[in-house]
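# Notes for the structure review
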Amino acid sequence: FCEEYKINLDISNIAPVRAYGILGTILLTAGWHLIVITQRTLVTQILGHEIYVASDINFIPIPYLGIQAELTQEQTIDSANKLKDFKRLFSSFDFYFSYTFDVTNSVQTILL
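Reading the values: the criteria
- Residues numbered from 1 in each chain as written.
- Predicted model: local features only at pLDDT ≥ 70, side-chain atom pairs only at ≥ 80, totals over all residues.
- Heavy atoms only, no water.
- Helix = DSSP H or I, 4+ residues; strand = E, 2+ residues; numbered from the N terminus.
- Contact = heavy atoms within 4.5 Å.
- Areas by Shrake-Rupley, 256 points an atom, 1.4 Å probe, with all protein chains shown as cover.
- Pairing = 2+ DSSP bridges.
- Salt bridge = Lys/Arg side-chain N within 4 Å of Asp/Glu carboxyl O.

Moving on, we come to the overall build of the protein. Helix and strand counts for the protein stand at two helices and four strands. Starting at the N terminus, the α and β elements of the protein follow one another as β-β-β-α-β-α. Within the protein, contacts between residues at least 6 apart in sequence are counted, and of these 57% link residues at least 24 apart. Within the structure as shown, the protein displays about 8600 Å² of accessible surface, and the carbon and sulfur contribution to it stands at 55%.

Where strand β1 (residues 21-28) lies against strand β2 (residues 31-46), seven bridges are found, and the strand directions are antiparallel. Looking at the pairing, Leu28 lines up with Gly31 of β2. Between the end of β1 and the start of β2, which pair antiparallel, lie two residues.

A few words on the pattern of salt bridges. Applying the stated rule across the entire model yields two salt bridges. Put simply, Asp85 and Arg88 hold a salt bridge, and the shortest N to O gap is 3.1 Å. One end of the pair is Asp85 and the other is Arg88, both in helix α1 (residues 73-90) and three residues apart, which spans about a single turn.

What follows is the structure, given as structure tokens:
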């Protein structure tokens, strides 16, 4: 059984964002947010593959008409505080990534 949903997106007030990677989504009281890498820094090369560190991670709200109007002021404040906490968490460690190399394995494992 599959239900069909219509979603109205209002993107009239959204500015373009250059993203170097998508880390996922998160659901807060205020709605869904897309977690994206908005700045990266090349830190090294391994076997000719570029390895980057995420210099800035941003949470972009995914607009959905009606959800913001239904929030109380307390819910809006709570959601903003949780978003600050997640931003602080993501900025507390280095996130390394590569587009062409598996950084989750050691070089020895990859060479075998």
